[in-house]
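# Structural overview
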Amino acid sequence: MGNQIIQSLVGTGKGILGEFTPPPDKSITHRAIILASLSPKKSIIKNPLLSGDCLSTLNAFRKLGVPIEQRGNELFVSEGKRSLFSPLRELKAPVSPIDCENSGTTMRLLAGVLAAQNFESELVGDSSLSRRPMRRVLEPLRQMGAAISAREDNFAPLKIKGNPHLKPISWKSPVASAQVKSAILLAALFPRGKTTVIEPEKSRDHTERMLKSSGAGIQIKGNRVVLEGPGSLKGLHVKIPGDCSSAAFFLAAAALVSGSRLAIRDVNLNPTRTGFLSLLKRMKAKINLSSIKEALGEPLGNIKMTPSSLNAVQISKKDIPSLIDEIPILAVLATQAKGKTVISGAEELRVKESDRIHSVVTELKKMGACIQEKKDGMVIEGPTPLKGTKVKSYGDHRMAMSLAIAGLIAEGATEIEDFDCVKISFPNFLPQLKRLCLRN
Ligand code: S3P
């Protein structure tokens, strides 16, 4: 599929210059579509991300009978009928399997919703999603009373026999995963009683924040969340903030390409997502955060970035959840940082859209990086000059974008195979990158 050539900026005197508003946040858009679909009231979602992954969630709820209408840059959900079993909207049994395509968030969160319905459903995905572990959501949902079968008891397709009379549980998750936590919390909206989820480290908390501002009874204490069901949800009136994970690629470019000066506006600064920004500071990058305000239960602000010489860092298990999606681009930064960067406790990367430990190490090595694969992470020694060559994205959007930024600082052109996958989270990535590079 579509290859893309990235021209080097080395020796051109061009930097990353100007202002940039990142695309709307992917995780928050998924949750807004889900909660708006579950509330029987009218909802408006302004500035949603209409990328591949979020469209998978939107189409899934349309298939479940929710009237979601797109008007320009807004989504409208009209009032619906209340279910006989809960204070939430009545969903319709789907006539065929629901295709979650490449989206792990769609499959896992939807499994939580479908576990509580009075009908059967099936969730399918593309080849990447069909290789990702699902037992982590099946186990708690089964304990709540849903009957779910999966290929090899771990992989999609998932066949879900919903149960409108689920029971609340207390679940100690072995992985810090917002998708697991959210699947349980969504199922917990249905039965009467308190459901508790405890994580080893706190993962992103957008579900909790949005449930709280929608009126659900939810209490959060450190890594423990308690939801008291049945939850009734108000209609949503939200504006989705910019995605800090998408902003990370341009922040990295501005940190690496000499002569850059980048201002990023209206980006979500939820502390469960900003590990990458803290890390940039630890690497001695010139980063400045300002105008931090609160918008609908989520912090929002602006970021300014200029280049500087970077230092290596040590990243361990406790750091991972707040920067899990930024590790591929962090590896690119580490190739240019002075010293040995060690990333450990990151085995979750092996079960993302690609095995991101293997794909990052293999492709950056082709470009001349001094990088070594470890079971639970990687070791990178820098600074090392990179060279342009032909590399693979593995159909993984964050790999494709990380390699594009590496291409800017590599000597010669970089050809990235299967670049179209950027549509999953950031369809406008290339035009935005070109715009910021051309303004010199
Ligand atoms: C996400 C949670 C994270 C993240 C993914 C999006 C979410 O996955 O990697 O890109 O929206 O809940 P895990 O929760 O499985 O770690």
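Here the structure is a predicted model, which means the values were calculated and not measured.

Parameters at a glance
- Residues numbered from 1 in each chain as written.
- Predicted model: local features only at pLDDT ≥ 70, side-chain atom pairs only at ≥ 80, totals over all residues.
- Heavy atoms only, no water.
- Domains from an automatic or database assignment.
- Contact = heavy atoms within 4.5 Å.
- Buried area = accessible area lost by both parts, 1.4 Å probe.
- Salt bridge = Lys/Arg side-chain N within 4 Å of Asp/Glu carboxyl O.
- Helix = DSSP H or I, 4+ residues; strand = E, 2+ residues; numbered from the N terminus.
- Buried < 20%, exposed > 50% of the residue type's maximum accessible area, 1.4 Å probe, protein only.
- Polar contact = N/O pair within 3.5 Å; in protein donor to acceptor, adjacent residues only side chain to side chain.
- Near = heavy atom within 4 Å.
- Areas by Shrake-Rupley, 256 points an atom, 1.4 Å probe, with all protein chains shown as cover.
- 1 Å grid on protein atoms, 1.4 Å probe; cavity = no way out; pocket = protein on both sides within 12 Å on 5 of 7 lines; lining within 4 Å.
- Sits in = over half its atoms within 2 Å of the grid points.
- Nonpolar A, V, L, I, M, F, W, Y, C, P; charged D, E, K, R; others polar.
- Axes fitted to C-alpha atoms, helices over the stretch in contact; angles between N-to-C directions.
- Parallel < 35°, antiparallel > 145°, perpendicular 65-115°, else oblique.
- Left-handed = near helix turned anticlockwise from the far one by under 90°.

For the protein, the assigned domains read domain 1 (4–23 + 241–436) and domain 2 (26–239). Averaged C-alpha coordinates put domain 1 and domain 2 at centres separated by 29 Å. The interface of domain 1 with domain 2 comprises 27 residues on the first partner and 24 residues on the second. Between domain 1 and domain 2, the buried area comes to about 2,200 Å², and carbon and sulfur atoms account for 50% of it. Here domain 1 is connected to domain 2 by three salt bridges.

Here we take up the side chain of R204. In this structure, R204 sits in the loop between strand 11 (193–198) and helix 6 (206–213). The class for R204 is buried, based on a relative accessible area of 12%. At 2.8 Å, the side chain of R204 and the side chain of S27 are in polar contact. In terms of polar contacts, R204 uses its side chain to reach the side chain of D325, at 3.1 Å. Among all residues touching R204, those that are not within four sequence positions of it are S27, A178, K181, T272, R273, I324 and D325.

Omega for the bond connecting A156 with P157 falls within 30 degrees of zero, at 0 degrees, which places this linkage in the cis form. With respect to the element layout, P157 can be found in strand 9 (residues 155–161). With omega at 0 degrees, the peptide bond leading from G229 into P230 counts as cis. Looking at the element boundaries, P230 is found in the loop between strand 13 (224–229) and strand 14 (237–239).

Moving on, we get to the site of the ligand. Around the ligand sit S27, R31, T105, S177, A178, Q179, R204, I324, D325 and K352, and that is every residue in its neighbourhood. Q179 has a polar backbone atom sitting 3.0 Å from an oxygen atom of the ligand. The separation between an oxygen atom of the ligand and a polar side-chain atom of K352 is 2.8 Å. Surface burial for the ligand is 95%, taken as the share of its 390 Å² of free accessible area covered by protein chains. Judged by the proximity of its atoms to the pocket grid, the ligand belongs to the largest pocket. For the shell around the ligand, the secondary structure elements donating two or more residues are helix 1 (26–38) and helix 5 (178–187). Here the shell around the ligand is built from residues that sort into two nonpolar, four polar and four charged. Domain assignment of the residues forming the shell around the ligand places at least three in each of domain 1 (4–23 + 241–436) and domain 2 (26–239).

Remark: helix 10 (residues 356–366) packs on helix 11 (residues 397–409), axes separated minimally by 11 Å, with the N-to-C direction vectors making an angle of 25 degrees. When the interaxial angle is binned, helix 10 and helix 11 end up roughly parallel. For the crossing formed where helix 10 meets helix 11, the hand is right-handed. Counting all contacts with helix 10, which are made through R356, S359, V360, E363 and L364, the residues of helix 11 involved are H397, R398, M399, L403 and A406. Here the contact of helix 10 with helix 11 is built from residues that sort into five nonpolar, two polar and three charged.

Looking at the secondary structure, you find E294 in strand 16 (residues 286–295). Judged by relative accessible area, which is 58%, E294 ranks as exposed. Between the C-alpha atom of E294 and that of L269, which follows or precedes it by 25 residues, the distance is 9.4 Å.

Before going further, it helps to spend a moment on the environment of Q4. Examined against the element boundaries, Q4 turns out to sit in strand 1 (residues 4–6). A C-alpha to C-alpha distance of 8.2 Å links Q4 and T414, two positions 410 residues apart in sequence. Ignoring anything within four residues of it in the chain, the contact list for Q4 reads T414, E415, I416, F419 and L430.

Moving on, we get to the pattern of salt bridges. Overall, the coordinates contain 26 salt bridges when judged by the stated rule. For the salt bridge of K366 with E363, the shortest nitrogen-to-oxygen distance reads 2.9 Å. Note that K366 and E363 are positioned in helix 10 at a spacing of three residues, about one turn of the helix. Residue class for E363 comes out buried when judged on its relative accessible area of 0%.

As for its placement among the helices and strands, D25 is situated in the loop between strand 2 (17–20) and helix 1. With relative accessibility at 0%, the residue D25 sits in the buried group. For D25, the side chain forms a polar contact with the main-chain nitrogen of S27, separated by 3.0 Å. A polar side-chain atom of D25 sits 3.0 Å from a polar atom in the side chain of R273. Every residue in contact with D25, bar those within four places of it in the chain, is listed here: L49, H206, I240, P241, G242, D243, C244 and R273.

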